[in-house]
Amino acid sequence: TNGRYYICEFKKYSSKWFHNLDHRHRIGHHSRNSPSLHESLRRQQITYMEKKLKETTPSDASKITELMRSARHELYVDQLGVYTEHDFLRVYGDKRKEQLLWVGKLSKAAQNTDKYFSKVLTEGDEFFGFAYGWTVNSKNKVILSKLYVKVGYSGRGVGSQLMGDFMAWAGSLPIYILVEKSNKNALTFYEKHGFKSTGSTLTSEGMTSVWLSNTGS
């Protein structure tokens, strides 16, 4: 399967937003039974802790598999209704088998970071996004195979941060992505990042996907 699943456009929190949030926790706004200002600010720091990108390791396979399967299910079963539960299991198979597959892929990526891009966006031990791709040396191009965002975390900069880092890694090489036509959020997201249809399509499991590129060809 290719990188054509659940992603949305995200916007970073502005400094004004944080100022307004802090304003609501001034001492004058707290009752006798409210948490102290220090406690409120501490909770804010935990809640809005800056997420960080890190390169994956084989031990991340379980969390990455869970993130991807949850995102696929939310899009194709819950939102679009293109798959039933039975179809979902038929197309994507057993979770443990997929996890073992990713142990191998992540191991390969960790051994060759020049050829493979494999990163997650984390906060503590929790994964909020995952991107995976590789260079095709024979054709001097890059494939973005996976870009997933944790369900419920659209609008928080996850997809854009991963995409920006991937594009920086690719450098001047053209990037190609296969996106299903039914995934309107993904198409809009990539278009906003400068990608256009190449005109080539692929049909699999009853769904048609289109190739996008930041060169448009």
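Residues numbered from 1 in each chain as written. Predicted model: local features only at pLDDT ≥ 70, side-chain atom pairs only at ≥ 80, totals over all residues. Heavy atoms only, no water.

Caption draft 1: Representation of the nonpolar core. Among the nonpolar cores identified, the biggest contains 24 residues, and L144, L147, M163, I175, I177 and Y190 are the most heavily contacted of them. Mapped by element, the contributors of at least two residues to this core are β2 (116–123), β3 (126–136), β4 (141–149), α6 (158–170), β5 (175–180), α7 (184–192) and β7 (207–213). Among the elements that line this core, the one with the most residues is α6, at five residues. (Core = buried A, V, L, I, M, F, W, Y, C linked by side-chain atoms within 4.5 Å. Buried < 20%, exposed > 50% of the residue type's maximum accessible area, 1.4 Å probe, protein only. Helix = DSSP H or I, 4+ residues; strand = E, 2+ residues; numbered from the N terminus.)

Caption draft 2: Quick look at the side chain of E180. Mapped onto the elements of the fold, E180 is located in strand β5. Judged by relative accessible area, which is 2%, E180 ranks as buried. A polar contact of 2.3 Å, which involves the side chain of E180, links it to the side chain of Y76. (Polar contact = N/O pair within 3.5 Å; in protein donor to acceptor, adjacent residues only side chain to side chain.)

Caption draft 3: Summary view of the packing of aromatic side chains. This model, assessed by the stated rule, comprises 14 aromatic pairs. Ring plane angle 75° and centroid distance 6.1 Å describe the contact between Y83 and Y92, whose orientation is recorded as edge-to-face. Classification of Y83 by relative accessible area gives buried; the value is 7%. By relative accessible area, Y92 is classed as buried at 9%. Each ring, one from Y116 and one from Y132, has its centre 6.4 Å from the other, and the planes form 25°; the classification is stacked. Taken together, the positions of Y116 in strand β2 and Y132 in strand β3 put the pair 16 residues apart, joining distant regions of the chain. Each member of the aromatic cluster is reached from another via a ring pair, and the members are W102, Y116, F130, Y132 and W134. When the ring centre of W102 is taken as reference, the NZ or CZ atom of K105 above it lies at 4.6 Å. Against the face of F128 rests K150, its NZ or CZ located 5.3 Å from the ring centre. (Phe/Tyr/Trp six-rings, centres within 6.5 Å; stacked < 30°, edge-to-face > 60°. Lys NZ or Arg CZ within 6 Å of the ring centre and 35° of its normal.)

Caption draft 4: A look at the environment of K181. Within the fold, K181 resides in the loop between β5 and α7. Each C-alpha atom of the pair K181 and M207 lies 7.9 Å from the other, and the pair is 26 residues apart in sequence. Excluding residues within four positions of it along the chain, K181 makes contact with L187, T201, T208, S209 and V210. (Contact = heavy atoms within 4.5 Å.)

Caption draft 5: Structural context of the pattern of salt bridges. For the structure shown, the criterion picks out eight salt bridges. Note that D60 and K54 form a salt bridge whose closest N and O atoms lie 2.9 Å from each other. Its relative accessible area of 7% is what places D60 among the buried residues. Of the charged contacts, one joins R69 and E98 as a salt bridge, the two residues approaching to 2.8 Å between their closest N and O atoms. On the criterion of sequence distance, the pair formed by R69 in helix α3 (residues 61–79) and E98 in helix α5 (residues 95–111) is long-range, its members being 29 residues apart. Where salt bridges share partners, they join R69, R72 and E98 into one cluster. (Salt bridge = Lys/Arg side-chain N within 4 Å of Asp/Glu carboxyl O.)

Any functional reading would require information beyond the geometric quantities listed.
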